[in-house]
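Architecture at a glance
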Amino acid sequence: MRKIELLKDGNTGMKGRLVKSNGFQHHTGYHMNVFPFKTAPGGHVFKADFVSFQGILGEAIRLSQKKELDGTKDIESYKATLKSTILENALQKVDTKEKDQLEDILTRIYFEPDNSLFKYDFHVISYMNFIKSNSAIKDIPVFISDVFIKNNQGFETLLANRGSDNILNQLISDCLPKQTDKKESKRDKQVFKNMLPIVSEVFQGDFDFLLANKEYFLENFELFFKYYYFFYFTQLSLKLDSFGKEEYTIKPIHFSMDWENLSESRLSLHTIDWKEVSKHYERVFAHANALELINYISVDGELIGDYNEITSLYNSLQPLEKQEFKICLEDLLQFYKEEVKTLIAPANWEECEENLQNSLAIRKFDQEITTLIYSLWYTIRYQFEHGKRNKPYKDYALWLISFSKENFTKSGGRLGAKLVLSQEILLFLTKLCVGTEEKIRLKAFWERLRERGITFDETSKLEIIKLFERINLIEKKSDSGDAQYIKSSL
């Protein structure tokens, strides 16, 4: 008989961690680190960082090297200080009587008008800083490091070589200020769980391909990580809303090209569009707390994991063990309802239960464990949507909503926002899909986009084909779709 228990008492139990003098505190990260987001501030305050992504990736690289930037200056002061330090070091290193001329050359070649350092090599990215100075955003680089960078030997190789055949590049590299060793913090001990190995495997394949094209990779470094960040979290929000009822496979999302005008009839055919994606985003804080709380149930002293892992574990239990697990989950739900006193009238737990049963009647889960998981999540969600914690609940979702809006949506007028790809992003993804091959069939191209979470309706496909014809990326051997090929442009 396996030991199944609900960790309720003691310093590491729910009472010790979550019940405070001012009431129940929703706190994630003790058992499950899934989302790198906060409830305060909301993600909407980081729009500039979401567009640039350089500060986020700069921090991710520093984490991988256990380094940090000196000081906490605002972005403008940081850029100005970095520029003056590099130029001062360079003028000291070079023996020349034309120091003003050298300074002017270096300034024009290596610095943007706003004093930003030009990204001439990968190791330079570690000197990129956040635009918005707020520690809340620093969990995103930790997530990227944990899920995409850690133990990636190719990534280590990419950053290790600071040598350059370009004399001026080497000079600037030699003049970069030394970064200090990072002091271990509480944040460093938190490890984000990779909830979607199916996405990180596709990421690794594309990463390895780009390693052979370093100049192109450097040019599109931020775009690459931005897309995979979006890909991961859209798929995760969809996966969590299946509550572990099935082995998850990639669900392609409908995009259009950013120059297209969509009609209402076309949008109605898009099964997973921006409206659907944002609806799933809005629920992620309830999932974060459901996963955290359900992992106060342990089996043989071990955490029980995510929804799919819990489903697999539960189905492996003996009948008496399953009954014990159900009792623990019922106790957890009862404890939650007793301790959470933030519902705003007329909302109440009786109404929550009635709504839950109506929802279950519609959903008709075929596994008992799925019903149990859903019931916990629904109760937590009800509390957020009908209680005093509604604003933090919405602000948490804004980390995904704001990022996606800034990078992958466009206003569709009265029809609302729509998910779009720019020509730049499409051509980048096309290179990834073709990979090391000289050309691939058009049919294979659409399928490889689907593997990366993207699908188009037939009208958008025609627009893309027209674009490829204009830039000579498509090869036709006949008018048949099966005899059309997408060529590599690398």
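Our subject is the structure that appears above.
Okay, so let's go over this structure.

What counts and how
- Residues numbered from 1 in each chain as written.
- Predicted model: local features only at pLDDT ≥ 70, side-chain atom pairs only at ≥ 80, totals over all residues.
- Heavy atoms only, no water.
- Helix = DSSP H or I, 4+ residues; strand = E, 2+ residues; numbered from the N terminus.
- Rg over C-alpha atoms; globule rule 2.2 N^0.38 Å.
- Areas by Shrake-Rupley, 256 points an atom, 1.4 Å probe, with all protein chains shown as cover.
- Lys, Arg positive; Asp, Glu negative; His and termini not counted.
- Charge placed at Lys NZ, Arg CZ, Asp CG, Glu CD.
- Buried < 20%, exposed > 50% of the residue type's maximum accessible area, 1.4 Å probe, protein only.
- Salt bridge = Lys/Arg side-chain N within 4 Å of Asp/Glu carboxyl O.
- Pairing = 2+ DSSP bridges.
- Axes fitted to C-alpha atoms, helices over the stretch in contact; angles between N-to-C directions.
- Parallel < 35°, antiparallel > 145°, perpendicular 65-115°, else oblique.
- Contact = heavy atoms within 4.5 Å.
- Nonpolar A, V, L, I, M, F, W, Y, C, P; charged D, E, K, R; others polar.
- Polar contact = N/O pair within 3.5 Å; in protein donor to acceptor, adjacent residues only side chain to side chain.

**Remarks on the overall build of the protein chain**
Across its full length, the protein chain holds 23 helices and 14 strands. Computed over C-alpha atoms, the radius of gyration of the protein chain comes to 26 Å, within 12% of the 23 Å expected from 2.2 N^0.38 for 490 residues, which places it in the range of a compact globule. The principal-axis extent of the C-alpha atoms belonging to the protein chain is close to 80 × 60 × 45 Å. When the accessible surface of the protein chain is summed, it comes to about 23200 Å², and 47% of that surface belongs to carbon and sulfur atoms. One finds the centroid of the 67 positive side-chain charges in the protein chain at a distance of 2 Å from the centroid of its 72 negative side-chain charges.

**Digging into unusual backbone geometry**
The peptide bond linking A40 to P41 adopts the cis configuration, its omega dihedral lying at -5°. Geometrically, the link from A345 to P346 is a cis peptide bond, its omega value of 15° lying close to zero. Take P346: it is sitting in the loop between α17 (319-339) and α18 (349-363). Despite not being glycine, F53 has its phi angle at roughly 65°, a positive value. On the accessibility criterion, F53 (0% relative accessible area) is buried.

**Some thoughts on the pattern of salt bridges**
Enumeration according to the criterion identifies 28 salt bridges in this entry. E264 is the partner of R414 in a salt bridge, and the nearest nitrogen-oxygen pair spans 3.6 Å. On the criterion of sequence distance, the pair formed by R414 in the loop between β9 (409-411) and β10 (417-421) and E264 in helix α13 (residues 264-268) is long-range, its members being 150 residues apart. Like E264, R414 is exposed. K279 is paired through a salt bridge with E276; the nearest N and O atoms lie 3.2 Å apart. Taken together, the positions of K279 and E276, both in helix α14 (residues 274-281) and three residues apart, correspond to about one turn of that helix. Here K279 falls in the partly exposed class, since its relative accessible area comes to 34%. Here the salt bridges do not stand alone but share partners, grouping E76, K79 and D114 into one network.

**Examining the sheet that holds β9**
Spatial ordering of the open sheet is given by β7-β10-β9, a layout of three strands whose pairing is mixed. Of all strands in the sheet, those bounded by a partner on one side alone are β7 (256-257) and β9. For β9 and β10, the ladder comprises three bridges, and the chain directions are antiparallel. The residue bridging S411 from the neighbouring strand is A417, located in β10.

**Regarding the packing of helix α15 (residues 284-294) against helix α20 (residues 390-408)**
Axes are the key here: two packed helices are described by the angle between their axes and the distance separating the axes. For the pair α15 and α20, interaxial distance at closest approach is 8 Å and the crossing angle is 105°. By the angle between their directions, the pair α15 and α20 is classed as roughly perpendicular. Here V284, F285, A286 and A288 of α15 come into contact with α20, specifically with Y393, Y396, A397 and L400. A class-by-class count of the residues in the contact of α15 with α20 yields eight nonpolar, no polar and no charged.

**Section: helix α16 (residues 307-316)**
Turning to α16, its buried residues number three or more, namely Y307, N308, I310, T311, L313 and Y314. Along its buried surface, α16 packs onto α12 (221-240), α15, β8 (297-299), α17 and α19 (368-385). The distance from a side-chain oxygen at the start of α16 to the backbone nitrogen of N308 is 3.1 Å, and the residue carrying that oxygen is D306.

**Here's the deal with the sheet that holds strand β11 (residues 439-441)**
Taken together, three strands build an open sheet; the order of strands is β11-β14-β13 and the sheet is antiparallel. What marks the edges here is a single partner per strand, and that holds for β11 and β13 (474-476). Across the sheet, the mean angle from the axis of one strand to that of its neighbour is 30°, orientation sign disregarded. Pairing geometry for β13 and strand β14 (residues 484-487), over three bridges, is antiparallel. Residue pairing across strands places E475 opposite Y485, the latter belonging to β14. Lying over the sheet, helix α22 (residues 442-451) contacts β11 and β14, oriented at roughly 90° with respect to β11.

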